[in-house]
Amino acid sequence: MSDWHTPGGQLDPLKVRAAYPILSTTPGGRPLHYLDSAATAQRPKAVVDAVSNFLLTANANPHRGAYTLGGDATAAYEGARARTAAFLGVPAEELVMLGSATEALNLVARSWGRANLSRGDVVLVTEAEHHANLIPWQQVTREVDADLEFIPVDDVTGEILWDRLEGLLKLRPKIVAVGHVSNVLGSAAPLAQIAPQIHAAGGLLAVDGCQAVANMPVNIPDTGADFYAFSAHKMGALFSGGGLWARAHLLNEMNPIETGGDMIREVRLRDATFAEGTQKFEAGTPDASGTVALAAACDFIDDLGREQIHAHEVRMLERVLRELPEALPDARILGPRDAKDRIGLVSFSSDLVHAHDLATILDRRGVAIRAGHHCAMPLHEQLELSATARVSVAPYTTDEDLDALFDGLRDARKIFAR
Amino acid sequence: MSDWHTPGGQLDPLKVRAAYPILSTTPGGRPLHYLDSAATAQRPKAVVDAVSNFLLTANANPHRGAYTLGGDATAAYEGARARTAAFLGVPAEELVMLGSATEALNLVARSWGRANLSRGDVVLVTEAEHHANLIPWQQVTREVDADLEFIPVDDVTGEILWDRLEGLLKLRPKIVAVGHVSNVLGSAAPLAQIAPQIHAAGGLLAVDGCQAVANMPVNIPDTGADFYAFSAHKMGALFSGGGLWARAHLLNEMNPIETGGDMIREVRLRDATFAEGTQKFEAGTPDASGTVALAAACDFIDDLGREQIHAHEVRMLERVLRELPEALPDARILGPRDAKDRIGLVSFSSDLVHAHDLATILDRRGVAIRAGHHCAMPLHEQLELSATARVSVAPYTTDEDLDALFDGLRDARKIFAR
Amino acid sequence: MGGMDDLYREQILEHHRTPHNFGQLAEPTISVDGRNPSCGDLITMQLQLDAEGLITDVAFSGRGCAISQASASLLTDELRGKRAEEITALGSPYVMELLGVEVGPSRIHCALLGLETTQKAIATWRNKA
Amino acid sequence: MGGMDDLYREQILEHHRTPHNFGQLAEPTISVDGRNPSCGDLITMQLQLDAEGLITDVAFSGRGCAISQASASLLTDELRGKRAEEITALGSPYVMELLGVEVGPSRIHCALLGLETTQKAIATWRNKA
Ligand SMILES: Cc1ncc(COP(=O)(O)O)c(C=O)c1O
Ligand SMILES: Cc1ncc(COP(=O)(O)O)c(C=O)c1O
């Protein structure tokens, strides 16, 4: 581990930075302070090299070639699936490789949802969900005339009011779909606690793990989830790639929503039978390069250590929470007060400086943060905010990045206060 | 152009080979003779470098960041879309970037199809379609109780009997979905001729362009198609990536089939409005790296020259058609007799040697061909074949590759004839 | 600090802090909302037009970033006495000129919201007529 | 040429050209089809079993690659006198031993088709009983 760690075993972000060539670039002539990893993580060179290496030495269509190179490609693809499954603590046979988390969440809503929901059934989500874990449920509940109900958030902090769950479970939701970590609030859902409650009420638990898998140790079986979706690019792999884990019996019962090559057993002119297991959901040529990148990203994350990443990020967030009110006194911070209750990010708003102006002013110092609704418009509406600024951290975030952030916030305050 | 061409302006495959590092590798200790480009093309180093370069210098979430790097990523993504659109002769605003051709064809069948087909309507496809252009139509016609009808193939050669189209158009199909080039027969559909016939009969023409775009000049408007789908990996880009071009008014009328971030206009707790244009169909984080790779592949193909690629491939196929009967006398060759009527590939069967045995024996000489039904089971069933062997060529195919192929075929004949 | 500073120079900030023509008209000929859903910017543009399509009065209200609000404010100062078709012909160069600074691609939609909403108002008025 | 040649050595080709136990039984206890849809290989396996589950006779028919047909032929030579539960316990090492050669991952499904179809036949017979 010594490549990336201090002698004391903590992550050394200056060492980690060296693994990410982009962090030494100067977009627009300014050193880059990338604080938008929650939108997409930066890619370590090891991942980029793994992709190049696959493409330049093992590239072929997996599952098809009766030749050595095809066997190599199949082994690389299935090996990468197995590596990713191990990373998440699940059997490879239950991990469907897809194009993105969005695709994974659509698969749950549209395949499981259409088959299992009908008039009057209840689907429960939180008011803080990312659009990818909300609109598919809006669509399917509308189609089958089921009800979409919400676990509410606190009007001021945005925090999800998990103590309301018990009451809402009286509605006997067939499924409860929640983000593992909110991409606006930075809070983690108490999955281990709510999963048994939901199951006891006869429902399933679907989890959007996008913001969790790269920032904290995640072992899916410990969460109690029945479905678990995630995106490769949030882990430092390619934009393409994501996965859905589901319990084997659920996968067996589900119908594919995309059809074509590679997911079939037999095809006749007017009908077709489908393959079994994960293959049924993987129509078309498998994304071997994307999946190889994902496995390399898992390797790299484990090299850094997920506990260490989490600890480093909490240290960075502690500083953000401490210094933000000094730099921008009117900042309204969403989510938990204590950095220890946060995963990876802090969002805030300011009446003095609109989030978009803030982002533009920070950009002058090379500080990249996100401004907007972060694909969670309903949450912003509940909070009566049109946009927030979001700072997100990663194993490569340094104190210099935060120095630049606070300098930029002070710039903004000066500009707008004069 | 001199980097890749003879002084006479023809493609020089030995020069082209040098652009593909994988072609100098020795999988299983044997020099590689890759004759399976129809399954997936090999990737030129220029494409791999473009991906690495993007990831290591411009990587950020497109469409979102209010910072310089995000602007760079957006420009790279939208620039790559524009480059690909120019390659195909269509406006960028009509080119939807998706994960694959399979996704594109599913979008046509499931979005356009579900909205426009109802009981008794007719969908017409050929008996030679790839599963990706067949099963989605089986599914939607079954769901809405429409009829799926077929343009038949010749029982012996498999050639699509286009002269039957006129009669079948009396059924007034609402849509006719055909491959531009058959991935088993190697023949091109006479699109410019059938498009006006289909339109005159009140139908739309959807084209699966997977096997065409990398092997011949394709200018979509000249084809007369109303929908045109293609896959990035068949062009030497990444596995992820593909696109759907559709006429603007069709895109406007269509509903998305995948929902989530980036494809919305406004989202409230219980409903959402969608973005306009192509964005409506691109749910989730855009695949910037895949799209950048696709643009680089377009550049590389245009560097080689599409006319020159086509001419080179015809020369290679001429030799295959000439020497195959000598090497394996009982070979039954599917598709057109004349190499000039073929795009990129030759499939055949032999009673003496089963296609899978052939592929295994060829693999001993490093020759990679495909054996099986090539995702066209119904066509094989019409021909009473369970599997065929397919040789496909590319700009990097050399006479040495074909020498090794024929040596291998003679090996097989010797083994099975003794 | 060059280009970016210009975006937040005093004139623009002044228009943001004390927008001109902010509020409601008593009897607007047309009133239209414009939105940048991705930013949450909101502008309501009200126009008073005579029968010939001459803009006789204007007011706007809204909320959002400094760029969207200042651009709208700057624009409203220019609208009185202009003809509807003149407005329809305007584009982003005109707004850049008003702001006195090039706005990069990531913020251009903020800068244009005022103009686009005005154009939408005129189109709506035309369709009514 | 090593390993690959072994796959097509004379004994295997001989079983492919003149498969043993090829054809139909007069009164099979059970007859089951097995398919490799990806290759188009097809095997029909017929078994005669006594009440104790002892295999007393066997025949197969089918078409497909040399590996699938030769493996099935080699297997049928071994089946008579074996008990149903013995067959259920067999796996790919057994088939490799019969063939006398390791079959790579890309062809393993061809080599196993005969055994898998026999196992399916036994399972079907059990379910009936
Ligand atoms: C003719 C044809 N159509 C569709 C496809 C599907 O493409 P993909 O697997 O890239 O989605 C292929 C390739 O597999 C093809 O050759
Ligand atoms: C919480 C959450 N869910 C879902 C998504 C969607 O992921 P993707 O865009 O990779 O499909 C994201 C990221 O955009 C996210 O942060």
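Since we're looking at a predicted model, the values are computed, not measured.

**Focus: the overall build of chain A**
No. 1: When helices and strands are tallied, chain A shows 14 helices and 15 strands.
No. 2: The C-alpha radius of gyration of chain A comes to 22 Å, within 12% of the 22 Å expected for a compact globule of 418 residues.
No. 3: Projected onto its principal axes, the C-alpha positions of chain A cover 75 × 55 × 40 Å.
No. 4: Going through the 418 residues of chain A one by one, you find that 70% of them count as buried.
No. 5: Of the charged side chains in chain A, 38 are positive and 54 negative; the average position of the first set lies 3 Å away from that of the second.

**Regarding the interface of chain B and chain D**
No. 1: Taken together, the contact between chain B and chain D spans 16 residues of the former and 21 residues of the latter.
No. 2: Taken over both partners, the interface formed by chain B and chain D buries close to 1500 Å², and the fraction arising from carbon and sulfur atoms is 56%.
No. 3: The salt bridge partner of Arg107 of chain D is Asp357 of chain B, with a shortest N-O separation of 3.1 Å.
No. 4: Run the count over chain B and chain D and you get six residue pairs in polar contact (both at pLDDT 80 or more).
No. 5: Mapped by element, the contributors of at least two residues to the side of chain B that touches chain D are helix H12 (355–363) and helix H14 (399–417) of chain B.
No. 6: Ranked by residues supplied to the side of chain B that touches chain D, first place goes to H12 of chain B with five residues.
No. 7: Grouping the constituent residues of the side of chain B that touches chain D by class yields five nonpolar, six polar and five charged.

**Looking at the interface of chain A and chain B**
Where interface size is given, it is often the accessible area lost as the parts come together that is meant.
No. 1: At the junction of the two partners, chain A supplies 89 residues and chain B supplies 89 residues.
No. 2: There are 32 residue pairs in polar contact (both at pLDDT 80 or more) connecting chain A and chain B.
No. 3: A breakdown of the residues in the side of chain A that touches chain B according to their chemical character gives 40 nonpolar, 27 polar and 22 charged.

**Regarding the site of ligand 2**
No. 1: Close to ligand 2 lie 15 residues; Thr102, Asp208, Ser231 and Lys234 of chain A together with Thr285 of chain B are nearest.
No. 2: This site is not confined to one chain, since residues near ligand 2 come from chains A and B.
No. 3: The side chain of Asp208 of chain A places a nitrogen or oxygen atom 2.5 Å from a nitrogen atom of ligand 2.
No. 4: Between ligand 2 and Thr285 of chain B there is a distance of 2.6 Å, counted from an oxygen atom to a side-chain nitrogen or oxygen.
No. 5: Protein chains shield 98% of the accessible area of ligand 2, which is 390 Å² for the free molecule.
No. 6: Residue composition of the shell around ligand 2, grouped by class: three nonpolar, nine polar and three charged.

**Focus: the packing of helix H2 (residues 45–57) of chain B against helix H10 (residues 288–304) of chain B**
Residues and elements named next belong to chain B.
No. 1: With their axes 8 Å apart at the nearest point, H2 and H10 run at an angle of 145 degrees to one another. The two elements H2 and H10 meet at a crossing, and its hand is right-handed. Residues Ala46, Val47, Ala50, Val51, Phe54 and Leu55 of H2 lie in contact with H10, whose contacting residues are Ala288, Ser289, Val292, Ala293, Ala296, Ala297 and Phe300.

**Focus: the site of ligand 1**
No. 1: Ligand 1 sits among 15 residues. The nearest are Thr285 of chain A together with Thr102, Asp208, Ser231 and Lys234 of chain B.
No. 2: More than one chain approaches ligand 1, the contributing ones being chains A and B.
No. 3: The separation between an oxygen atom of ligand 1 and a polar side-chain atom of Thr285 of chain A is 2.6 Å.
No. 4: Between His233 of chain B and ligand 1, the recorded distance is 2.7 Å, taken from a side-chain N or O atom to an oxygen atom.
No. 5: Taking 390 Å² as the accessible area of ligand 1 by itself, protein coverage stands at 98%.
No. 6: Tallied by class, the residues present in the shell around ligand 1 amount to three nonpolar, nine polar and three charged.

**Details of empty space enclosed by the protein**
No. 1: What the rule picks out here adds up to 10 cavities of 30 Å³ or more.
No. 2: Here the largest cavity is characterised by a volume of approximately 840 Å³.
No. 3: For the largest cavity, the lining is made up of 45 residues, of which Gly99, Ser100 and Glu103 of chain A together with Gly99 and Glu103 of chain B are closest to its centre.
No. 4: Looking at which element gives the most residues to the lining of the largest cavity, the answer is helix H4 (residues 101–116) of chain B, with four residues.
No. 5: Its residues assigned to classes, the lining of the largest cavity shows 18 nonpolar, 17 polar and 10 charged.

**Focus on helix H3 (residues 66–79) of chain D**
Residues and elements named next belong to chain D.
No. 1: If you check H3, its first and last C-alpha atoms are 20 Å apart, about what 14 residues at 1.5 Å a residue would give, namely 20 Å.
No. 2: The buried fraction of H3 is high, at 12 of 14 residues.
No. 3: Three or more residues of H3 are buried, namely Ala66, Ile67, Ser68, Gln69, Ala70, Ser71, Ala72, Ser73, Leu74, Leu75, Thr76 and Leu79.
No. 4: Gly81 sits one or two residues past H3 and shows a positive phi near 90 degrees.

**Focus on the nonpolar core**
Here is a general trend for soluble globular proteins: nonpolar side chains tend to be buried in one another's company.
No. 1: One finds Tyr228 and Met235 of chain A together with Tyr228 and Met235 of chain B to be the most contacted residues of the largest nonpolar core, which totals 178 residues.
No. 2: Setting aside its immediate chain neighbours within four residues, Met235 of chain B contacts Ala41, Phe87, Val213, Ala214, Phe230, Leu294, Ala297, Cys298 and Ile301 of chain B.

**A word on the pattern of salt bridges**
No. 1: According to the stated counting rule, one finds 56 salt bridges over all chains in the structure shown.
No. 2: Linking Arg306 of chain B and Asp302 of chain B is a salt bridge whose minimum nitrogen-to-oxygen distance equals 3.2 Å.
No. 3: What emerges from the salt-bridge pattern is a single network uniting Arg83, Asp299, Asp302 and Arg306 of chain A.

**Observations concerning helix H6 (residues 108–128) of chain D**
All names here are of chain D.
No. 1: Its 21 residues place the ends of H6 30 Å apart at the C-alpha level, agreeing with the 30 Å of an ideal helix rising 1.5 Å per residue.
No. 2: If you look at H6, its biggest bend is around 40 degrees, right at Gly114.
No. 3: Among the structural elements, strand E1 (30–36), strand E2 (41–49), H3, helix H4 (84–88) and helix H5 (92–99) are those in contact with the buried residues of H6.

**Some points on the pairing of strand E12 (residues 345–349) of chain A**
All names here are of chain A.
No. 1: A large share of E12 lies buried, amounting to five of its five residues.
No. 2: Both faces of E12 are covered, namely the face carrying Leu345, Ser347 and Ser349 and the face carrying Val346 and Phe348.
No. 3: Looking at chain direction, E12 and strand E15 (residues 388–392) are connected through four bridges and run antiparallel. Bridging across to E15, Ser347 finds its partner in Arg390.

**A short note on the environment of Gly372 of chain A**
No. 1: Secondary-structure assignment places Gly372 of chain A in strand E14 (residues 370–372).
No. 2: A residue is classified by how much of its surface remains accessible, and Gly372 of chain A, at 1% relative accessible area, is buried.
No. 3: Sequence-wise, Gly372 of chain A and Leu385 of chain A are 13 residues apart; in three dimensions their C-alpha atoms are separated by 9.7 Å.
No. 4: With residues near it in sequence (within four places) discarded, Gly372 of chain A still touches His356, His380, Ala387 and Thr388 of chain A together with Ser38 of chain C.

**Things to note about the sheet that holds strand E8 (residues 242–246) of chain B**
Residues and elements named next belong to chain B.
No. 1: Here we have seven strands laid out as an open sheet, ordered E2-E8-E7-E6-E5-E3-E4, and mixed in their pairing. Two strands lie at the open edges of the sheet, namely strand E2 (95–98) and strand E4 (147–151), each paired on one side alone. For this sheet the average axis-to-axis angle between neighbouring strands, irrespective of direction, equals 20 degrees.
No. 2: Judged from the five bridges that link them, strand E5 (residues 175–179) and strand E6 (residues 204–208) form a sheet pairing that is parallel. For Ala177, the partnering residue across the bridge sits in E6 and is Ala206.

**Concerning the packing of aromatic side chains**
No. 1: Counting across every chain of the model gives 16 aromatic pairs over all chains.
No. 2: A centroid spacing of 6.4 Å and a plane angle of 50 degrees characterise the contact between Phe54 of chain A and Phe239 of chain B, whose relative ring orientation is tilted. Taken together, the residues Phe54 of chain A in helix H2 (residues 45–57) and Phe239 of chain B in the loop between strand E7 (227–231) and E8 connect one chain to another.
No. 3: Residue classification places Phe54 of chain A among the buried positions, given a relative accessible area of 4%.

**What about the confidence of the model for chain C?**
No. 1: Across chain C, the average pLDDT comes to 91, with 96% of residues at 70 or higher.
No. 2: Across the interface, the model reports ipTM at 0.94; the global pTM reads 0.96.

**Overview of the relation of the copies chain A and chain B**
No. 1: Rotating chain A by 180 degrees and translating it 0.0 Å along the rotation axis places it on chain B, where the RMSD comes to 0.0 Å. Taken together, the rotation and translation relating the two chain copies correspond to the operation of a two-fold axis.
No. 2: A share of 100% of the interface residues of chain A reappears at the interface of chain B, consistent with the copies meeting face to face through the same patch.

**Comments concerning the environment of Pro336 of chain B**
All names here are of chain B.
No. 1: Position of Pro336 relative to the elements: it lies in the loop between strand E11 (332–333) and strand E12 (345–349).
No. 2: Between the C-alpha atom of Pro336 and that of Gly186, which follows or precedes it by 150 residues, the distance is 7.6 Å.
No. 3: Pro336 has contacts with Glu159, Leu185, Ser187, Leu321, Asp341 and Arg342, leaving out every residue within four places of it along the chain.

**A short note on the arrangement of the chains**
No. 1: Of all five pairs of chains in contact, the one with the most contacts involves chains A and B.
No. 2: Regarding chain C and chain D, the two do not touch, and the least distance separating their C-alpha atoms is 47 Å.

Procedures and definitions
- Residues numbered from 1 in each chain as written.
- Chains lettered and ligands numbered in written order.
- Predicted model: local features only at pLDDT ≥ 70, side-chain atom pairs only at ≥ 80, totals over all residues.
- Heavy atoms only, no water.
- Helix = DSSP H or I, 4+ residues; strand = E, 2+ residues; numbered from the N terminus.
- Rg over C-alpha atoms; globule rule 2.2 N^0.38 Å.
- Buried < 20%, exposed > 50% of the residue type's maximum accessible area, 1.4 Å probe, protein only.
- Lys, Arg positive; Asp, Glu negative; His and termini not counted.
- Charge placed at Lys NZ, Arg CZ, Asp CG, Glu CD.
- Contact = heavy atoms within 4.5 Å.
- Buried area = accessible area lost by both parts, 1.4 Å probe.
- Salt bridge = Lys/Arg side-chain N within 4 Å of Asp/Glu carboxyl O.
- Polar contact = N/O pair within 3.5 Å; in protein donor to acceptor, adjacent residues only side chain to side chain.
- Nonpolar A, V, L, I, M, F, W, Y, C, P; charged D, E, K, R; others polar.
- Near = heavy atom within 4 Å.
- Areas by Shrake-Rupley, 256 points an atom, 1.4 Å probe, with all protein chains shown as cover.
- Axes fitted to C-alpha atoms, helices over the stretch in contact; angles between N-to-C directions.
- Left-handed = near helix turned anticlockwise from the far one by under 90°.
- 1 Å grid on protein atoms, 1.4 Å probe; cavity = no way out; pocket = protein on both sides within 12 Å on 5 of 7 lines; lining within 4 Å.
- Points joined across faces, edges and corners; volume = space filled by probe spheres on them.
- Expected span 1.5 Å × (residues − 1).
- Core = buried A, V, L, I, M, F, W, Y, C linked by side-chain atoms within 4.5 Å.
- Bend = angle between axes of the 7 residues up to and from the residue.
- Pairing = 2+ DSSP bridges.
- Phe/Tyr/Trp six-rings, centres within 6.5 Å; stacked < 30°, edge-to-face > 60°.
- pLDDT = per-residue confidence, 0-100.
- Least-squares fit on C-alpha atoms with pLDDT ≥ 70 in both.

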